Every structure is written in C-alpha cells, then in structure tokens.
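So you can see what is in the structure, the chains are spelled out below.
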Amino acid sequence: MDHMNYDGSNPNGVEQDQSPNSGRPVYNEPIRPAAPGQTPGKAVVSIILGIVSIVCSCSGLISLVCSIIGLVLCGQMKRELQGLPGTGKAGMALNIIGLVLGIFGILFWLILILFGEWEVNYY
C-alpha cells in the first residue's frame, strides 16, 4: 500500500499513474484471440459445419441444422471480435451455400415424394 506525503508526492520517489482508469479493468475492450496469428476456434468449427452442410445437402435436414449452427457461431464471433477474420468469412460463405443447397435438397425430396414416380417403366 503506497502512502502519499502531504504535498502529494510519493515518499518512495516512485510516481504513480494518475490516469482515470489506473488499476481498474476496462470493460469496453473487445475480446481478442490469445495470440495475434491464431485462428479463432469458432471460425474453424464454422468452416467444418459449412463443409458438412454442403456435403449433406441432398439430405436436406442435416444440411439445414449444420448451416444454421455455423451461422450462429459466425454471428457470435462477429460480435465478440467486432468483425470477422478471413476464416470467419469463409465459414459464413460455406454455411450460406450449405443453407441454400439444403433448402433445394428439401424441395427436391418434397417434389419427388409428392409428384414423382418411384417405379421406372421402360416400356
């Protein structure tokens, strides 16, 4: 604990920081990754979910679930980092493509079930 003299100087001869936030945490600072060159984990998960949603787009439902989860992760990352890094943008693009292909996959199956013929007649 530092004591001050009556004239405001420190008896130890060490100057103290007189800024308004000295010693107190700043709560408005954005959350940053631990290392400057490190890829955020949510970006990697978003890319993986985007790839899975594109690969499974013919099933429809799996594609929709994966791409929606990936887009939610991208939104969280965008809020936390106040912008998206390159991997986050790639994950968002893959998830949007997977979402669109998943919707087309569901429409394809609905049209096939409602209007398609399950038997093939070659005669």
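Report follows, based on the coordinates. The structure displayed is predicted, hence computed values, not measured ones. In this numbering scheme, every chain counts its residues from 1 along its sequence in written order. Two thresholds apply to this predicted model, a pLDDT of at least 70 for residue-level local features and 80 or more for giving and counting side-chain atom pairs, whereas whole-chain, interface and lining totals are computed over all residues. Think of the side-chain values as coming from all heavy atoms in the structure, minus any hydrogens and water.

### Structural notes on the overall build of the protein
The line we're drawing: Here a helix means four or more residues in a row that DSSP labels H or I, a strand means two or more in a row labelled E, and each is numbered from the N terminus. A simple rule labels every residue: compare its accessible area, found with a 1.4 Å probe on the protein chains alone, to the largest value its type can have, and call it buried under 20%, exposed over 50%, or partly exposed in between. Residue contacts are defined here by distance: any two heavy atoms, one from each residue, within 4.5 Å place the two residues in contact. Note on areas: Shrake-Rupley with a 1.4 Å probe; residue coverage comes only from the protein chains shown.
Helix and strand content of the protein: three helices and zero strands. In sequence order, the secondary structure elements of the protein are arranged as α-α-α. Taken over 123 residues, the protein has a buried fraction of 20%. Long-range pairs, those at least 24 residues apart, make up 66% of the contacts in the protein with a sequence separation of at least 6. Approximately 9300 Å² of the protein is accessible, and the part contributed by carbon and sulfur atoms is 66%.

### Quick word on the packing of helix α2 (residues 61-81) against helix α3 (residues 86-115)
In plain terms, the rule: Every angle, taken between N-to-C directions, lies between 0 and 180 degrees, and every axis is a line fitted to C-alpha atoms, over only the stretch in contact when it is a helix. Here is the rule for angles: anything less than 35 degrees is roughly parallel, anything more than 145 is roughly antiparallel, 65 through 115 is roughly perpendicular, and the remaining ranges are oblique. If you view the pair so one helix is near and one far, a crossing is left-handed when the near helix is turned anticlockwise from the far one by less than a right angle, and right-handed when it is turned clockwise.
Running from amino to carboxyl end, α2 crosses α3 at an angle of 155°, the nearest separation of the two axes being 8 Å. As summarised for this structure, α2 and α3 are arranged roughly antiparallel, according to the angle between their axes. Like other packed secondary-structure pairs, α2 and α3 cross with a definite hand, here left-handed. Between α2 and α3, the residues in contact are L61, S63, L64, C66, S67, I68, G70, L71, C74 and M77 and G88, G91, M92, N95, I96, G98, L99, G102, I103 and I106, respectively.

### Observations regarding the side chain of S46
As for its placement among the helices and strands, S46 is situated in helix α1 (residues 41-55). Under the relative-accessibility criterion, S46 is labelled buried at 0%. Not counting residues up to four positions away in its chain, the partners in contact with S46 are G70, C74, G91, M92 and N95.

### Here's the deal with the state of the cysteines
Which entries qualify depends on this criterion: The criterion for a disulfide is a pair of cysteine sulfur atoms lying within 2.5 Å.
According to the stated counting rule, one finds zero disulfides in the structure shown. The thiol of C66 is not disulfide-bonded; the next cysteine sulfur, from C56, is found 6.4 Å away.

### Some points on the pattern of salt bridges
What counts, and what does not: One speaks of a salt bridge when a side-chain nitrogen belonging to Lys or Arg is within 4 Å of a carboxyl oxygen belonging to Asp or Glu.
Counted under the stated rule, the structure contains one salt bridge. E80 serves as the salt-bridge partner of K42, at 2.9 Å between the closest nitrogen and oxygen. Of this pair, K42 sits in helix α1 while E80 sits in helix α2; the two residues are 38 residues apart in sequence, bridging distant segments of the chain. Classification of K42 as partly exposed rests on a relative accessible area of 26%. Here E80 falls in the partly exposed class, since its relative accessible area comes to 33%.

### Comments concerning α2
To keep it simple, the criterion reads: Multiply 1.5 Å by the residue count of a helix minus one, and that product is the helix's expected span.
End to end, α2 covers 30 Å across 21 residues, agreeing with the expected 30 Å (1.5 Å per residue, within 8%). All of the buried residues in α2 are S63, L64, C66, S67, G70, L73, C74, M77 and L81. Close packing links the buried residues of α2 with α1 and α3. In the segment just after α2, Q82 is the residue with positive phi, at about 55°.

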